Amino acid sequence: MRRPAIAGNWKMYKTRAETLAFFRTFLPLIEGTKHCDIVVAPPFTAICAAVEAVRGTKVAVSGQDLHWQAEGAFTGEVSGKMLAESGCTYVIVGHSERRQYFGETDESVQRKTKAALESNLTPIVCVGESLAEREANQTEAVLKRQFECGLGALTAEEFSRILIAYEPVWAIGTGRTATPEIAAEAHRYIRGLAAAHFTHEQASVLRILYGGSVKPDNIKGLMAQAEIDGALVGGASLDAKSFAEIVNY
Ligand code: PEP
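Overview of the structure.

Cut-off values and rules
- Position labels on residues start from 1 in each chain and follow its written sequence.
- Whole-chain, interface and lining totals are the exception, using all residues; otherwise, since this is a predicted model, local features are given only for residues with pLDDT of at least 70 and side-chain atom pairs are given and counted only at 80 or more.
- Processing note: side-chain calculations cover all non-hydrogen atoms of the structure and skip hydrogens and water entirely.
- Only protein atoms enter the calculation, which uses a 1 Å grid: trapped sets of points that fit a 1.4 Å probe without letting it out are cavities, open sets showing protein on both sides within 12 Å along at least five of seven lines are pockets, and any residue with an atom within 4 Å of a point is a lining residue.
- Grid points are joined across faces, edges and corners, and a volume is the space filled by probe spheres set on the points.
- Each helix corresponds to a stretch of at least 4 residues labelled H or I by DSSP, and each strand to a stretch of at least 2 residues labelled E; elements are numbered beginning at the N terminus.
- We call Asp, Glu, Lys and Arg charged. Ala, Val, Leu, Ile, Met, Phe, Trp, Tyr, Cys and Pro are nonpolar, and the rest, Gly among them, are polar.
- Here the rule is simple: two strands pair whenever DSSP picks up at least two bridges between them.
- Axis definition: a line fit to C-alpha positions, over the contact stretch in the case of helices; interaxial angles, taken between N-to-C directions, run 0 to 180 degrees.
- A contact between two residues is defined here by any heavy atoms of the two lying within 4.5 Å.
- Any angle between 65 and 115 degrees counts as roughly perpendicular, while under 35 counts as roughly parallel, over 145 as roughly antiparallel, and the rest as oblique.
- Left-handed describes a crossing whose near helix is turned anticlockwise from the far helix through less than a right angle; right-handed describes the clockwise counterpart.
- The nearness test applies per residue and asks whether one of its heavy atoms lies within 4 Å of the molecule or strand.
- Residues adjacent in sequence count toward polar contacts only when both atoms are side-chain atoms; beyond that, a polar contact is any pair of N or O atoms within 3.5 Å, and within protein one must be able to donate a hydrogen and the other to accept it.
- Values of accessible area rely on a 1.4 Å probe in the Shrake-Rupley scheme; residue burial ignores everything except the protein chains shown.
- Put plainly, a molecule is in a cavity or pocket when over half of its atoms are within 2 Å of the grid points there.
- Only buried Ala, Val, Leu, Ile, Met, Phe, Trp, Tyr and Cys residues count toward a nonpolar core, and they belong to the same one when joined by side-chain atoms within 4.5 Å.
- In this scheme, a residue with accessible area under 20% of its type's maximum is buried, one over 50% is exposed, and one in between is partly exposed, where area comes from a 1.4 Å probe on protein chains only.
- Here, a salt bridge means any Lys or Arg side-chain nitrogen found within 4 Å of an Asp or Glu carboxyl oxygen.
- By this rule, a helix spans an expected 1.5 Å times one less than how many residues it contains.

**As for empty space enclosed by the protein**
No. 1: Going through the model one piece at a time under the given rule, you end up with one cavity of 30 Å³ or more.
No. 2: Size it by volume and the largest cavity reaches roughly 40 Å³.
No. 3: Contributing to the lining of the largest cavity are Gly-94, His-95, Ser-96, Arg-99, Cys-126, Val-127, Gly-128, Gln-146, Glu-167 and Val-169.
No. 4: Among the secondary structure elements, those contributing two or more residues to the lining of the largest cavity are α4 (96–101) and β5 (122–127).
No. 5: Residue composition of the lining of the largest cavity, grouped by class: three nonpolar, five polar and two charged.

**What about the sheet that holds strand β6 (residues 163–166)?**
No. 1: Taken in spatial order, the eight strands line up as β1-β2-β3-β4-β5-β6-β7-β8 and close into a barrel, and their pairing is parallel. The mean angle between the axes of side-by-side strands here comes to 25°, regardless of whether they run parallel or antiparallel.
No. 2: Pairing geometry for strand β7 (residues 207–211) and strand β8 (residues 230–233), over two bridges, is parallel. Residue Tyr-210 lies in a different strand from β8, and its bridge partner there is Ala-231.
No. 3: Sheet strands in contact with helix α9 (residues 180–197) are β5, β6 and β7, and its direction is about 145° off that of β7.

**Observations regarding the packing of helix α1 (residues 16–29) against helix α2 (residues 47–54)**
Helix packing geometry: the angle between the two helix axes and the distance between the axes.
No. 1: Following both chains from N to C, one finds α1 and α2 inclined at 25°, their axes separated by 9 Å at the closest point. One finds that α1 runs roughly parallel with respect to α2. Crossing of α1 against α2: the hand is right-handed. Mapping the contact onto sequence places Arg-16, Thr-19, Leu-20, Phe-23 and Leu-27 in α1 and Cys-48, Ala-49, Ala-50, Ala-53 and Val-54 in α2.
No. 2: Here the residues of the contact of α1 with α2 are counted per class, giving eight nonpolar, one polar and one charged.

**Thoughts on the site of the ligand**
No. 1: Around the ligand sit 14 residues in total, of which Lys-11, Glu-167, Gly-173, Ser-213 and Gly-234 are the nearest.
No. 2: At a separation of 2.7 Å, an oxygen atom of the ligand approaches a polar backbone atom of Ser-213.
No. 3: If the ligand stood free it would expose 290 Å²; the protein chains cover 97% of that surface.
No. 4: Placement of the ligand is best described as lying within the second largest pocket.

**A word on the nonpolar core**
No. 1: Judged by nonpolar contacts, the single largest core of 63 residues is most densely connected at Phe-23 and Phe-26.
No. 2: Per element, the largest residue contribution to this core is six residues, and it comes from α9.
No. 3: One finds Ala-5, Tyr-90, Ile-124 and Ala-165 within the second-largest nonpolar core, a separate group that totals 13 residues.

**Describing the layout of surface pockets**
No. 1: Volume-wise, the largest pocket comes out at about 560 Å³.
No. 2: In terms of lining residues, the largest pocket is bounded by 22 residues, among which Lys-11, Met-12, Gln-64, Arg-98 and Phe-102 are the most central.
No. 3: Considering every element that reaches the lining of the largest pocket, the biggest residue donor is α4, with five residues.
No. 4: Here the residues of the lining of the largest pocket sort into ten nonpolar, seven polar and five charged.
No. 5: In this structure, the second largest pocket spans a volume of roughly 180 Å³.
No. 6: Looking at the second largest pocket, it is lined by 19 residues, and the ones nearest its centre are Lys-11, Ile-172, Gly-173, Gly-234 and Gly-235.

**Remarks on the pattern of salt bridges**
No. 1: Under the counting rule described, the total for this entry stands at 17 salt bridges.
No. 2: The shortest N-O distance in the salt bridge between Asp-229 and Arg-2 comes to 2.8 Å. Taken as a pair, Asp-229 in the loop between α11 (219–223) and β8 and Arg-2 in the segment before β1 (5–9) lie far apart in primary sequence, 227 residues in all.
No. 3: With relative accessibility at 4%, the residue Asp-229 sits in the buried group.
No. 4: When the shortest N-O distance is used, the salt bridge between Arg-191 and Glu-227 registers 2.9 Å. Linking Arg-191 in helix α9 with Glu-227 in the loop between α11 and β8, this pair joins segments that are 36 residues apart in sequence. Accessibility classification places Arg-191 together with Glu-227 in one group, the buried group.

**As for α9**
No. 1: The terminal C-alpha atoms of α9, which comprises 18 residues, lie 26 Å apart, in line with the 26 Å expected from a rise of 1.5 Å per residue.
No. 2: Where α9 is concerned, the buried positions are Ala-183, Ala-184, Ala-186, His-187, Ile-190, Arg-191, Leu-193, Ala-194 and Ala-195.

Next up, the structure:
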């Protein structure tokens, strides 16, 4: 049985003060929640405030990106070691916005995933096709390339410590969610890739989250699919009540 995980990606939203206000409302709403892992990914500047706010609770804090080196002359970058020292236990890798706007490639995803694991962070590795790729029947080819180039070089032990988020780019921030069936089909395909590269046993315990316009009113349908092990939530994670509703689906 795979334990569900619900992660909120705040992108470039929320100051430290807004982060503290979020947790003041959010934490009491999920106090009794036991059925899933809960993760919040604030921007770098609010990580320490978030870590302080969630201390002693079951909420984990995640980075939204990292550099693959532990340190160096890389202006503007933050390493896995720095995230871990700040109290993060997860990090998002290869989000489609990083791929689209900041030149993230499958190769950098691989290096960042390895670096995250070296710092004992749990990487949430994002994969997913664009609308043009889906319409050109390229979904499986894109997922295969992203999986093989981004994750194929991991050792079995490393692979056992990652989460994958399937995030069709056409569903991110658009209000257009993949139907539960479309999402489950992609998850099945990704699990098949994992079985082919690693083992059936490893594939069967791999947690695959769905991301793309997840809201309180569609989370139940998504989570009813046996293939969907949780959600990576953007917009709806910014509001404490709506994120708590999603967590408490
Ligand atoms: C995301 O940022 O990973 C995401 C899925 O965003 P949204 O929920 O807003 O579509």
